[in-house]
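# Report on the structure
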Amino acid sequence: MSAIVLGNLSCMELLSDLHDSMIKVSVQNKKRWQLAFATIYCSRAFLSRFKSRSRITASSLDQISSNRRKISPDTSSRIVIDVVQEHHLFSGVDQSSLTKLVKEKRVDRLAEFGGVEGIASSLHTDQQCGIKGDPEDIESRQEAFGRNTYRKPPTKSFFHFVWEAFKDPTILILLVCAALSLGFGIKEHGPKEGWYDGGSIFVAVFLVISVSAVSNFRQNRQFDKLAKVSNNILVEAVRNGRRQQISIFEIVVGDVVCLKIGDQVPADGLFIDGHSLQVDESSMTGESDHVEIDLEKNPFLFSGTKVADGYAKMLVTSVGMSTTWGEMMSTISRDSDEQTPLQARLNKLTSSIGKVGLAVAFLVLVVLLVRYFTGNTEDENGNKEFNGSKTKVDDVINAVVGIIAAAVTIVVVAIPEGLPLAVTLTLAYSMKRMMADQAMVRKLSACETMGSATTICTDKTGTLTLNQMKVTNFWQGKESIEGKNHSVIASNVLELLHQGVGLNTTGSVYKSGVSGLEFSGSPTEKAILSWAVLELDMDMEAVKRDCEILHVEAFNSEKKRSGILMKKVEDGTFHVHWKGAAEMILAMCSHYYDLEGNMKALNNCERTKFDQIIQGMAASSLRCIAFAHKQVSEGENDEHKTIQEKGSTLLGLVGLKDPCRPGVKQAVQDCQYAGVNIKMITGDNVFTAKAIATECGILHPNQEANDGSVVEGVEFRNYTEEERMEKVDKIRVMARSSPFDKLLMVQCLKKKGHVVAVTGDGTNDAPALKEADIGLSMGIQGTEVAKESSDIVILDDNFASVATVLRWGRCVYNNIQKFIQFQLTVNVAALVINFVAAVSAGEVPLTAVQLLWVNLIMDTLGALALATEKPTKELMEKRPVGRTEPLISNVMWRNLLAQALYQIAVLLILQFKGESILGVSEKVNDTLIFNTFVLCQVFNEFNARKLEKKNVFEGIHRNKLFLGIIVVTVVLQVVMVEFLKKFADTERLNWGQWGVCIGVAAASWPIGWVVKFIPVPERPFTSYLSLKNLRGL
């Protein structure tokens, strides 16, 4: 902060007076006066006016210099000094020195601060209990060190999207035509009358641009909201001795944060304590090797990196823009211009139709120009428009501009730019609704791909079940201890159980005066801890005081166990404790404790009995966890830092009940009815897996065990490639699976042509989530690594939400097909009518403004109406849509050709015979054609709601937006015809003429109903047009 010291005494006295008055300033005004404080402070120090309060010494100036602060001497009586201002509550540390310390990984510099303890002390942080965490404490830390947010690049403004819309070549051509038409019109007819033609085109073009810009702008805002939600990660921090989950944005310098496998490091900081901590720093350094973090050699942790193994506590030293991650993220903007596969296919379709439109427009242009210059066109008075040299140049140019405008407008109508807009709208709408249905879309393409899913591979815990674990069974030796009768457990075994539960855990117990005991950790850890504390009377703090943990082997999904090496403080003996999947722990044991606390050998006969106990619990849908112990000598574990496995003694078995989620059986049945196979992939043993799968409806109760529907991971892994490909379709349940087995199954299913969705929550699930067509991560139990590898985050971890995502995926595809049918009907009808009329009569029945209005109805209002239809039950009654199937199905061809042919026939009759049939003038007849054409589209919009069902009005009362758009369209059409005569080039119609228009347009309903009785072949119509088939013919 700069302090300007003026060399005269009067200024110094003024500053002194200011200082005295500052004492009386309220706390609220403190920020406003910070600059004045610093100025007075530095000036007094510099002039040595109050030596006792001066803090600028040679050493502190060196400190200032090292932190890139400038000391700028001046030859005048004024000197500028930049000083690192320490916060009055945190002496000895400032933001720049803490930031530099971690960024440069200076262990020697850390020692100068007194190590991690010294920095924690300066930040008023207790390494075990964390910060106070009250509002005043948080505010003072944010004031001193900043917030854990970063500057975001400016979002795209509304005018950016207006400019993007202006760049459309057809819009630019129309604007040029409008400008020329406006200029010549004013020149010929004067400002009062001459602006109508050109001005009308201008207004219509700007209306199209505005609607397009608003749609894109709203979608962009939708992505911004999504980014905020996806970036709001929950972090476990210790405040006032209590472990609690807080938003990553609420982390402050001084916080103690708990890290486990899969977590993202929320800020820069220092390692306090932990075990086997390895961090993936590839996001920062590009190096793929994991970095080991420890207290002595490398205690530095960087924001944005991921925990690859182990667990730890860290002290936060820098947040937000003071971290390298913050600086990097502030320069990166989230790009919402991602193009989905469906959008890519639609762009190709748009391009193909556009080429046809261009060809037609060019033909119309040539025909109209030839007819004009050969004298075959007449003006309103029946005179030839072109008489060679007699015709004024202005009239020729005006006529040519009008012809070009008509041709260009045909191109505008012909090019269905509404198709990509419809996809954008339906995706944005479905994303918003899916968010309400507990599914957050991270990747747009997943929305539509989910509609084609043929197989869903799901986890068990937390997805099919509630993930609310509770210990319901405990076996000591071969005896089951029922209820709370734990006094029968031998004291020596009870002590070992306390050690095994209290030390070999990543959970914690917090004693709260208000709510009693609070347990934190994973659901399994919380269940075991609460059982040990409430039923075995374990005092976790006493256990930790009496024992010292020397080494930890953290739990991972491959080994399915965790272990510790500990030393008893009392007698100096060394002990190993293991906890994990019952059959894995049992395989490590050579002895067991009986109910009296005696150690007995575990022979084959006894081992079989324990296997039966485990199988019995598993068959009751219980998760079986075992505890084992072994006393070791001091040097046994020193060689390779590994914990001994063999020769352990079994302490006991616990069974944890995790009930199935309500509604999950119905969701599974819905998916199966929709032609989607459900496969359960779990780490639990085969008996637990079968019991849960039967309960959820994935397996039938009477299904044979040896029919290949249930396998274990190791068995599937050991199949040959051919065996796997042969059996993978039959498999319904895979038990004791590793993440590699899940990946292997996904690869096999994809090779067989399946579209695969996979759920996952662990760090090791990331490869399978990336490999799958749709990766679904869990919002509650999922690690940050899993979420970043996924396409959709299931926020409530519920399988029913997975089924909802499937329904929405099909809805997206179905809505796009509805709009394509509606859009192409208009395209075909408009092109044919304009082309035939131009070639035969030498004029286009629909003017540029009228065609632009039709274009607006089709592209924007039509897209909005049809793209926001909600999922219906019949969507789940069809088979999955293959990803190679054509967008325009045979059913759609049947529907759109019938409607288009009807519209063409009616409008051409009106064009050539309308005046004589209805006895009206040419101007009224043109208005009738325009009005009938628009109303045909309004009625056909209802037909497009249902591609196959005959009742197109079903559920229409629930879609308020659709009804609103129909009403708005009709009202605007009435305004166009009745009130904007000069703007739209129309004549007022009487009630009878309106009745004729409505009657002709309404006939599209019975036609649509009758046409749906015509059967269509399964084979796509376009396949008959392929080169191979033509050669065959």
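This is a predicted model, so every value here is computed, not measured.

## So, the overall build of the protein
Summing up its helical and strand segments, the protein has 37 helices and 29 strands in all. For the protein, with 1033 residues in total, the buried portion stands at 52%. A separation threshold of at least 6 residues defines the contact pool for the protein, and within that pool the share at least 24 residues apart is 72%. Within the structure as shown, the protein displays about 47200 Å² of accessible surface, and the carbon and sulfur contribution to it stands at 56%.

## Regarding helix α23 (residues 686-696)
Among all positions of α23, only Val686, Thr688, Ala689, Ala691, Ile692, Ala693 and Cys696 are buried. Residues of α23 that are buried sit in contact with α21 (604-619), β22 (622-632), α22 (664-673), β24 (677-681), β25 (710-712) and β26 (733-735). N-cap assignment for α23: the residue whose side-chain oxygen lies 3.0 Å from the backbone N of Phe687 is Asn685. Directly after α23, the chain includes Gly697, whose backbone phi takes a positive value near 95 degrees.

## Let's talk about the packing of aromatic side chains
Scanning the entire structure with this criterion turns up 16 aromatic pairs. With 6.2 Å between their ring centres and 75 degrees between their planes, Phe716 and Tyr719 make a pair best called edge-to-face. Neither Phe716 nor Tyr719 differs from the other in exposure class; each is buried. Judged by centre distance (5.3 Å) and plane angle (85 degrees), the ring pair of Phe942 and Phe962 falls under edge-to-face. One end of the pair, Phe942, is in helix α32 (residues 922-943); the other, Phe962, is in helix α33 (residues 960-978), and 20 residues separate them in sequence. With relative accessibility at 0%, the residue Phe962 sits in the buried group.

## What to know about the nonpolar core
The tendency in soluble globular proteins is for nonpolar side chains to be buried side by side. Grouped together as the largest cluster of nonpolar side chains are 82 residues, with contacts concentrated most on Ile792, Phe799 and Ile820. Among the elements that take part in this core, helix α29 (residues 799-841) stands out by supplying 14 residues, more than any other. Both of domain 2 (341-428 + 807-1020) and domain 3 (450-465 + 661-797) provide at least three residues apiece to this core. Those residues within four positions of Phe799 in sequence are excluded, and the remaining contacts are Ile456, Thr458, Thr463, Leu464, Arg661, Val664, Ala667, Val668, Cys671 and Ile678. Cys177, Val360, Leu831 and Ala984 belong to the second largest nonpolar core, which has 70 residues in total.

## Topic: unusual backbone geometry
Of note, His124 is a non-glycine position whose phi angle comes to about 55 degrees, a positive value. Counting through the fold element by element, His124 comes out in the loop between α6 (115-122) and α7 (135-145). Take His124: its relative accessible area is 47%, and that puts it in the partly exposed class. A positive phi angle, near 60 degrees, is found at Asn467, a position not held by glycine.

## Structural notes on helix α4 (residues 95-103)
Given 3.6 residues per helical turn, the α-helix brings residues three or four places apart onto the same face. In terms of burial, α4 is largely enclosed, as seven of its nine residues are buried. Along α4, the residues that are buried comprise Gln95, Ser96, Ser97, Leu98, Thr99, Leu101 and Val102. Lys105 occupies a position one or two residues after α4 and carries a positive phi of about 50 degrees.

## Comments concerning the packing of α32 against helix α35 (residues 991-1002)
Put simply, α32 and α35 touch, their axes get as near as 8 Å, and they point 40 degrees apart. Our classification of the angle between α32 and α35 gives oblique. The interaxial crossing formed by α32 with α35 has right-handed handedness. Of α35, the residues touching α32 (which contributes Val924, Leu928, Asn931, Thr932, Leu935, Cys936 and Phe939) are Gln993, Trp994, Cys997, Ile998, Val1000, Ala1001 and Ala1002.

## Here we look at a nonpolar patch on the surface
On the surface, Ile909, Ile917, Leu918 and Val996 cluster together into a nonpolar patch covering about 330 Å² of accessible area. Ranked by residues supplied to the nonpolar patch, first place goes to helix α31 (residues 890-918) with three residues. Relative to the assigned elements, Ile917 resides in helix α31. The exposure class assigned to Ile917 is exposed, which follows from its relative accessible area of 57%.

## Observations concerning the pattern of salt bridges
On inspection of all chains with the given rule, the structure shows 30 salt bridges. Between Lys306 and Glu788 there is a salt bridge whose closest N-O contact spans 3.5 Å. Here Glu788 lies in helix α28 (residues 784-789) and Lys306 lies in strand β10 (residues 306-318), a separation of 482 residues in the sequence. Here Lys478 makes a salt bridge to Glu606, at a shortest N to O gap of 2.7 Å.

## Concerning the confidence of the model for the protein
Residues of the protein with pLDDT of at least 70 account for 84%, and the chain-wide mean is 80. A low-confidence stretch, residues 1-33 stays under pLDDT 50, and its non-local contacts, those more than four residues away or across chains, total 51 contacts. Taken as a whole, residues 1026-1033 scores under 50 in pLDDT and shows five contacts with residues more than four places along the chain or in a different chain.

## Quick look at a negative patch on the surface
On the surface, Asp539, Glu541, Asp546, Glu570 and Asp571 cluster together into a negatively charged patch. Examined against the element boundaries, Glu541 turns out to sit in helix α19 (residues 540-546).

## As for the UniProt feature "transmembrane region" (unreviewed entry) in the protein
Mapped onto the present numbering, the UniProt feature "transmembrane region" (unreviewed entry) falls on residues 169-186, 198-217, 353-373, 396-429, 824-842, 848-867, 961-979 and 991-1011. Overall, residues 198-217 shows 100% helix and 0% strand. The separation of its end C-alpha atoms is 28 Å. Counting secondary structure, residues 353-373 comes out at 100% helix and 0% strand; the distance between its end C-alpha atoms is 30 Å.

## Some thoughts on the sheet that holds β26
Ordered in space as β11-β29-β28-β27-β12-β24-β26-β25, the eight strands form an open sheet in which the pairing is mixed. The sheet is open, and its two borders are formed by β11 (439-441) and β25, each paired with just one other strand. Shown here is a sheet whose adjacent strand axes are inclined to one another by a mean of 20 degrees, direction ignored. Direction of pairing for strand β28 (residues 774-778) relative to strand β29 (residues 792-794): parallel, over a ladder of three bridges. Counterpart to Met778 in the pairing with β29 is Ile794. In the packing of α23 onto the sheet, the strands contacted are β24, β25 and β26, and the crossing angle to β26 comes to about 150 degrees.

## With respect to a positive patch on the surface
On the surface, Lys152, Arg218, Lys225, Lys228, Lys432, Arg433, Lys870, Arg958 and Lys960 cluster together into a positively charged patch. Those elements giving two or more residues to the positive patch turn out to be α10 (196-231) and α15 (418-436). Sort the elements by how many residues they give to the positive patch and α10 lands first, with three residues. Structurally, Lys152 is set in the loop between α7 and α8 (158-166). Taking relative accessible area as the criterion, Lys152 reaches 52% and is therefore assigned exposed.

## A short note on the environment of Lys727
Counting through the fold element by element, Lys727 comes out in helix α25 (residues 721-727). For Lys727, a relative accessible area of 31% corresponds to the partly exposed category. Distance in space between the C-alpha atoms of Lys727 and Phe716 is 9.2 Å, their sequence separation being eleven residues.

## Regarding the pairing of strand β4 (residues 234-239)
Of all six residues in β4, five are buried, a share of seventy percent or more. As paired elements, β4 and strand β5 (residues 242-247) share six bridges and run antiparallel to each other. Residue pairing in the sheet places Arg239 in a bridge with Arg242 of β5. From the end of β4 to the start of β5, which pair antiparallel, there are two residues, and Asn240 there has a positive phi angle of about 55 degrees. Pairing between β4 and strand β6 (residues 256-259): three bridges, direction antiparallel. When the bridges of β6 are listed, Ala237 appears paired with Val257.

## Quick notes on the environment of Lys600
Relative to the assigned elements, Lys600 resides in strand β21 (residues 599-601). For Lys600 and Ser590, which are ten residues apart along the polypeptide, the C-alpha to C-alpha distance reads 8.7 Å. With residues up to four places along the chain from it excluded, the contact list for Lys600 reads Ser590, His591, Tyr592 and Asp594.

## Things to note about the side chain of Ser122
With respect to the element layout, Ser122 can be found in helix α6. Of the residues examined, Ser122 reaches a relative accessible area of 18% and is grouped as buried. Those residues in contact with Ser122, other than ones at most four positions away along the chain, are Phe90, Ser91 and Val93.

## Details of the side chain of Arg724
Along the chain, Arg724 turns up in helix α25. Sequence-distant contacts of Arg724, that is, excluding residues within four places in its chain, are made with Phe716, Arg717, Tyr719, Leu744 and Cys748.

Scoring rules and cut-offs
- Residues numbered from 1 in each chain as written.
- Predicted model: local features only at pLDDT ≥ 70, side-chain atom pairs only at ≥ 80, totals over all residues.
- Heavy atoms only, no water.
- Helix = DSSP H or I, 4+ residues; strand = E, 2+ residues; numbered from the N terminus.
- Buried < 20%, exposed > 50% of the residue type's maximum accessible area, 1.4 Å probe, protein only.
- Contact = heavy atoms within 4.5 Å.
- Areas by Shrake-Rupley, 256 points an atom, 1.4 Å probe, with all protein chains shown as cover.
- Polar contact = N/O pair within 3.5 Å; in protein donor to acceptor, adjacent residues only side chain to side chain.
- Phe/Tyr/Trp six-rings, centres within 6.5 Å; stacked < 30°, edge-to-face > 60°.
- Core = buried A, V, L, I, M, F, W, Y, C linked by side-chain atoms within 4.5 Å.
- Domains from an automatic or database assignment.
- Axes fitted to C-alpha atoms, helices over the stretch in contact; angles between N-to-C directions.
- Parallel < 35°, antiparallel > 145°, perpendicular 65-115°, else oblique.
- Left-handed = near helix turned anticlockwise from the far one by under 90°.
- Patch = residues over 30% accessible without salt bridge, like charges linked within 9 Å, V, L, I, M, F, W, Y side chains within 5 Å.
- Salt bridge = Lys/Arg side-chain N within 4 Å of Asp/Glu carboxyl O.
- pLDDT = per-residue confidence, 0-100.
- Lys, Arg positive; Asp, Glu negative; His and termini not counted.
- Charge placed at Lys NZ, Arg CZ, Asp CG, Glu CD.
- UniProt positions renumbered as here; feature names shortened; annotations may be inferred.
- Pairing = 2+ DSSP bridges.

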